Amino acid sequence: MYAVALKSQRICRIIMNSNCFCCKDGSARTLWTVGKADNLVAIWSRKSFVTSLSLRAFSTSLINPSNSILMSPSLVSLDCPDIWTSGSVQSDRPSIQKYTSKHVAQILDGKAIAEEIRSGIALEVKRMKDLIGQVPGLAVIFVGQRRESQTYVRNKKIGSEEVGIKFMMTTLSDNCTENEVCNALQSYNENQSVHGIILQLPLPRHLEEGKILGLLTLEKDVDGFHPVNIGNLAMLGREPLFIPCTAKGCIELLLRSGIEITGKKAAVIGKSNVVGLPTSLLLQRHHATVTVIHSYTKNPDKIAREADILISAAGVPNLVCRSWLKPGAIVVDVGTTPVEDPECEHGYRLIGDVCFEEASKVASAVTPVPGGVGPMTVAMLLYNTLESAKRSFKFT
């Protein structure tokens, strides 16, 4: 990475010339299946040009720590020195919780919590419109006909309209060219009424995700997948411009449900750039002790049983059964796999990674699918779009 300072234009360009990694599962594909919720790989192999304005935006001093819509605090406010002393070691006595056959876990209702958040966003959008005559704009580029992606996009459109965010979408066929996608993206980059851009992943295999994502204007990357955002998420003392929506939604759901994260053993199933990686990083910033379980992990059920908080994002229906769960654990199910069902409105229904019936008899709290993490993800996307617009308009 080379930094070139152009004083006359006051522009700082960060040029990343090296091709980044591309993970090919190999044997793992036979175990986990391909194209599910947490098997998406964002490949960042294109040069990224960031203006000095963008770089200044990453300064934590410019991030407003106050937050009246979300309970999640600024990450910098959570940071503290990792200093070990003779009295630092804290040991909990092992507790064995036994549940009767009548035990039913608390349902973490992401839909209801997301509605509260959207209400706060709607009020802020209305205030913006009343005071400056502007509203946030969200654009989605949707390529292909993936069913789970259709559900996500449909919910984003409905959510945007409900809170007053202007929604735009470009739909392209499965066999579209890379230039068509890039042209659509560049058009939204240049559109000043658009403050957030979503390139719905995964893309068809003939399209190079890394190259296309490299064109996305950083200030409009409301999905939070840019390497700079992920890097700032990982480092103490840094604040990302945007936190990835699903990870952010999981943490907000836990906080609003009164669930303590600090000091807890947390396990994340899945290690993708989209869900697994940012979720594990965000849990660490909240001082959880985090283990990542993936398709190469030996005895994953044994490791999962040690977790106080288990977040599954593998995209494998009913992967997590009763034997994977510690009694009293908090279980967050990110997985969504479409299954044919003629009785449903769209001809299919979504199934999660967790066997809900079994989990509800062991866990102390569990999220449903649908109605758990999905609505929270959309709410976080709307929130990120609002924050992007406020920065663009310098609206406080």
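Residues numbered from 1 in each chain as written. Predicted model: local features only at pLDDT ≥ 70, side-chain atom pairs only at ≥ 80, totals over all residues. Heavy atoms only, no water.

Q: Just checking my understanding: could you explain unusual backbone geometry for this structure?
A: Trans peptide bonds make up most of the peptide bonds, and negative phi angles are found at most residues other than glycine. Backbone torsion omega between Leu-201 and Pro-202 reads 0°, so that peptide bond is classified as cis. Counting through the fold element by element, Pro-202 comes out in the loop between strand 6 (196–199) and helix 7 (209–213). Cis geometry is adopted by the peptide bond preceding Pro-370, which originates at Val-369 and carries an omega value of -5°. Secondary-structure assignment places Pro-370 in the loop between strand 13 (365–366) and helix 13 (373–393). Unlike most non-glycine residues, His-287 shows phi in positive territory, near 65°. Tracing the backbone shows His-287 in the loop between helix 10 (276–285) and strand 8 (289–293). You can call His-287 partly exposed: its relative accessible area is 28%. In the Ramachandran plot, Asn-318 falls in the positive-phi region, its phi being about 55° despite a non-glycine side chain. You can see Asn-318 is positioned in the loop between strand 9 (309–312) and strand 10 (330–333). (Helix = DSSP H or I, 4+ residues; strand = E, 2+ residues; numbered from the N terminus. Buried < 20%, exposed > 50% of the residue type's maximum accessible area, 1.4 Å probe, protein only.)

Q: Is there a simple way to explain the sheet that holds strand 3 (residues 106–107) in this structure?
A: Strands pair in a sheet through their backbones, by hydrogen bonds, and they do so in one of two ways: parallel or antiparallel. Pairing within the open sheet is parallel, and its 6 strands lie in the order 3-13-10-9-7-8. Each edge of the open sheet is held by one strand with a lone partner, namely strand 3 and strand 8. Alignment of strand 9 against strand 10, held across 4 bridges, turns out to be parallel. Each bridged residue has a counterpart across the sheet, and for Leu-310 the counterpart in strand 10 is Val-331. (Pairing = 2+ DSSP bridges.)

Q: What should I look at first to understand the packing of helix 4 (residues 110–132) against helix 9 (residues 245–256) in this one?
A: The geometry of helix 4 relative to helix 9 is characterised by a closest axis approach of 11 Å and an angle of 95° between their N-to-C directions. For the element pair helix 4 / helix 9, the angle class is roughly perpendicular. The segment helix 4 lies against helix 9, with Gly-110, Ile-113, Glu-116 and Ile-117 engaging Glu-252, Leu-253 and Arg-256. Among the residues forming the contact of helix 4 with helix 9, the class breakdown is 3 nonpolar, 1 polar and 3 charged. (Axes fitted to C-alpha atoms, helices over the stretch in contact; angles between N-to-C directions. Parallel < 35°, antiparallel > 145°, perpendicular 65-115°, else oblique. Contact = heavy atoms within 4.5 Å. Nonpolar A, V, L, I, M, F, W, Y, C, P; charged D, E, K, R; others polar.)

Q: Got a minute to help me understand the sheet that holds strand 6 in this structure?
A: Sheet architecture is open: 3 strands sit in the order 5-4-6, paired in parallel fashion. Each of the sheet's edge strands pairs with one partner strand only, and the pair in question is strand 5 (166–172) and strand 6. Each strand axis lies, on average, 15° off the axis of its neighbour in the sheet, ignoring direction. As defined by bridge partners, strand 4 (residues 137–143) adjoins strand 6 across 4 bridges and the pair is classed as parallel. When the bridges of strand 6 are listed, Leu-138 appears paired with Gly-196. Here helix 6 (residues 178–190) sits on the sheet in contact with strand 4, strand 5 and strand 6, set at roughly 180° to strand 4.

Q: Would you mind going over the pattern of salt bridges with me for this structure?
A: Side chains that differ in charge, positive against negative, can pair when their charged atoms come close. Across all of its chains, the model carries 13 salt bridges by this definition. Among the ionic pairs, Arg-256 bridges to Glu-252, the shortest N-O distance being 2.6 Å. On the criterion of helical spacing, the pair formed by Arg-256 and Glu-252 is a turn pair, its members being 4 residues apart in helix 9. The exposure class of Arg-256 is partly exposed, given its relative accessible area of 25%. Here Lys-390 makes a salt bridge to Glu-387, at a shortest N to O gap of 3.7 Å. Residue Lys-390 and its partner Glu-387 are both found in helix 13; the two are separated by 3 residues, about one turn of the helix. Taken together, the salt bridges that share partners define one network made up of Glu-124, Arg-127, Glu-387 and Lys-390. (Salt bridge = Lys/Arg side-chain N within 4 Å of Asp/Glu carboxyl O.)

Q: Quick question: what am I supposed to make of the environment of Leu-78 here?
A: With respect to the secondary-structure elements, Leu-78 resides in helix 3 (residues 75–78). Here the alpha-carbon distance between Leu-78 and His-286, two residues 208 residues apart in the chain, equals 6.8 Å. Residues in contact with Leu-78, not counting those within four places in the same chain, are Pro-73, Arg-285, His-286 and His-287.

Q: How should the confidence of the model for the protein be read in this particular structure?
A: Detailed reading of predicted coordinates is not advised where the pLDDT is low. When the pLDDT values of the protein are averaged, the result is 83; 79% of them are 70 or greater. Here residues 1–66 scores under 50 on pLDDT; set against residues more than four positions off or in separate chains, the count is 127 contacts. (pLDDT = per-residue confidence, 0-100.)

Q: What is the right way to look at the environment of Val-362 in this model?
A: Relative to the helices and strands, Val-362 resides in the loop between helix 12 (356–359) and strand 13. Val-362 sits 41 residues away from Cys-321 along the chain, and the two C-alpha atoms are 9.8 Å apart.

Q: How should the packing of helix 4 against helix 13 be read in this particular structure?
A: Any two packed helices are characterised by how steeply their axes cross, that is the angle between the axes, and by the distance between the axes. Relative to each other, helix 4 and helix 13 sit at 20°, their axes nearing to 9 Å. As far as their axial angle goes, helix 13 and helix 4 are roughly parallel. When the axes of helix 4 and helix 13 are compared, the crossing they make is left-handed. Residues Gly-110, Lys-111, Ile-113, Ala-114, Ile-117, Arg-118, Ile-121, Glu-124, Val-125, Met-128 and Ile-132 of helix 4 form the contact with helix 13, whose own contacting residues are Pro-375, Met-376, Ala-379, Met-380, Leu-382, Tyr-383, Leu-386, Ala-389, Lys-390 and Phe-393. Considered class by class, the residues forming the contact of helix 4 with helix 13 number 16 nonpolar, 1 polar and 4 charged. (Left-handed = near helix turned anticlockwise from the far one by under 90°.)

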